[in-house]
Amino acid sequence: MNNEDMTMIKKQRYHWPMAMLALILIISGCTAGETPLALGANKEEPLWASGTIRATEIRLASEQGGRIETLSIEEGMQVAEGDALAVIDATPWLLQLYPAEAAVATAKADLAELKAGARPEEIEAARAALALAEAQRDGAKAAWNHALAQVRNPQELDTQIIQARTTAALAAQGVEKAQSDLQIAEFTYDRKEMTQKQFEGWELRSAQQALASAQADQKAAQAALDHLLAIRERPLGYIALAHAAEGEYRVAEEGVAVAQAQLDDLLDGATPEEIAVADAAVRQAEAEAAIIRVQVEKCTLTSPIDGVVLERAFQIGEIVAPAAT
């Protein structure tokens, strides 16, 4: 073999790096012995030479642990760089990814809403809420003033008691009249023939209903009178009522302030600070989703080089720990 032939052999050796792969696995090694090389223009007769062919051996392992879902390789199979070799079940990560992606969508929607400003219907609703809050405040104020007046001027309470007694007395008279009317209706009903009773019983029923209504009025009037008398006998209770009315007014006043602030916010639109906060929330949500997405991608083990699978250490369905080879 001349020097020119030796030069060609060296070049040929460097052009044939036998890259072999090892999956979760082992792939490759060194081979030694006689290797046929086709030299020169005539390729029909190979040239036999002795030497060593260097091969790259790589052990691959998944960064994720879990159940092996698919294995796309067999021992002796040739693989290309980027080929998917095995897939670890990514369900635990996907269960985190879906809510994370939903959070991204929500954050983007909030940011878009802030930038777009309030809709006309939202402003109208805020104005209606403010009007309602003001009406409630005014009613609470009137009730508080009334309670204070009764505390400061007991004579007004006495006047109310006199009026309540008059109402209760009239209600009692109404009950007596209704009872009398019912007695007359019952007497008249009893004297009628059976056929007349079937068609004219409405008079008796009407009298019964009138008595029930009169008794209800009497009960309500008496309850009102008893309430005023109890207040008169225990003025501290009336003071407590005034304090309670004041508390309700203060709460209603705060409600007006809140409703006014909400309306002002809608009319003014989002501030630059609010938009910046919403934008930061979008970026944070996207970053969190991206981290989880990377973990999902790591569940797929790919070949880093072209080569041949020498050994496969696991089978489909087995549970592997992170970095298991």
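Model, not experiment: these values are computed from the prediction. (Residues numbered from 1 in each chain as written. Predicted model: local features only at pLDDT ≥ 70, side-chain atom pairs only at ≥ 80, totals over all residues. Heavy atoms only, no water.)

The interhelical angle for the contact between helix H2 (residues 91-116) and helix H8 (residues 272-297), taken along N-to-C directions, is 160°, at an axis separation of 8 Å. The pairing of H2 with H8 is recorded here as roughly antiparallel in orientation. For the pair H2 and H8, the crossing hand works out as left-handed. (Axes fitted to C-alpha atoms, helices over the stretch in contact; angles between N-to-C directions. Helix = DSSP H or I, 4+ residues; strand = E, 2+ residues; numbered from the N terminus. Parallel < 35°, antiparallel > 145°, perpendicular 65-115°, else oblique. Left-handed = near helix turned anticlockwise from the far one by under 90°.)

Within this structure, the stated rule accounts for 1 aromatic pair. Pairing Trp-144 with Tyr-249 gives two aromatic rings, centres 5.5 Å apart and planes at 25°, and the pair type is stacked. A residue pair is termed long-range when its members are at least 10 positions apart, and Trp-144 in helix H3 (residues 120-152) and Tyr-249 in helix H7 (residues 235-268) qualify at 105 residues. Just as Trp-144 is buried, Tyr-249 falls in that class too. Taking the ring centre of Tyr-249 as reference, the NZ or CZ of Lys-141 above it sits at 5.0 Å. (Phe/Tyr/Trp six-rings, centres within 6.5 Å; stacked < 30°, edge-to-face > 60°. Buried < 20%, exposed > 50% of the residue type's maximum accessible area, 1.4 Å probe, protein only. Lys NZ or Arg CZ within 6 Å of the ring centre and 35° of its normal.)

What the rule picks out here adds up to 14 salt bridges. One salt bridge connects Arg-67 with Asp-89, and the closest N-O pair in it is separated by 3.7 Å. Pair noted here: Arg-67 is in strand E5 (residues 66-71) and Asp-89 is in the loop between strand E7 (84-88) and H2, with a separation of 22 residues, a long-range link. Overall, Arg-67 belongs to the partly exposed group, its relative accessible area being 34%. (Salt bridge = Lys/Arg side-chain N within 4 Å of Asp/Glu carboxyl O.)

The grouping of Asp-264, Asp-265, Asp-268, Glu-273 and Glu-274 at the surface amounts to a negative patch. Sort the elements by how many residues they give to the negative patch and H7 lands first, with 3 residues. Within the secondary structure layout, Glu-273 lies in helix H8. (Patch = residues over 30% accessible without salt bridge, like charges linked within 9 Å, V, L, I, M, F, W, Y side chains within 5 Å. Areas by Shrake-Rupley, 256 points an atom, 1.4 Å probe, with all protein chains shown as cover. Lys, Arg positive; Asp, Glu negative; His and termini not counted. Charge placed at Lys NZ, Arg CZ, Asp CG, Glu CD.)

Looking now at the confidence of the model for the chain. With 78% of its residues at a pLDDT of 70 or more, the chain has an overall mean of 79. Mean pLDDT across the elements of the chain ranges from a minimum in strand E1 (residues 18-19), with 30, to a maximum in H8, with 93. The low-confidence segment residues 1-27 (pLDDT under 50) makes 89 contacts with residues lying over four places distant or belonging to another chain. Every residue in residues 29-41 scores below 50 in pLDDT, and together they form 34 contacts with partners more than four places removed in sequence or on other chains. (pLDDT = per-residue confidence, 0-100. Contact = heavy atoms within 4.5 Å.)

As a further point, take the layout of surface pockets. Looking at the second largest pocket, its volume works out to about 220 Å³. Taken together, 13 residues form the lining of the second largest pocket, with Leu-114, Asp-265, Gly-269, Ala-270 and Glu-274 sitting closest to its centre. For the lining of the second largest pocket, the secondary-structure elements that each account for two or more residues are H2 and H7. Across the lining of the second largest pocket, the residue classes tally to 4 nonpolar, 3 polar and 6 charged. (1 Å grid on protein atoms, 1.4 Å probe; cavity = no way out; pocket = protein on both sides within 12 Å on 5 of 7 lines; lining within 4 Å. Points joined across faces, edges and corners; volume = space filled by probe spheres on them. Nonpolar A, V, L, I, M, F, W, Y, C, P; charged D, E, K, R; others polar.)

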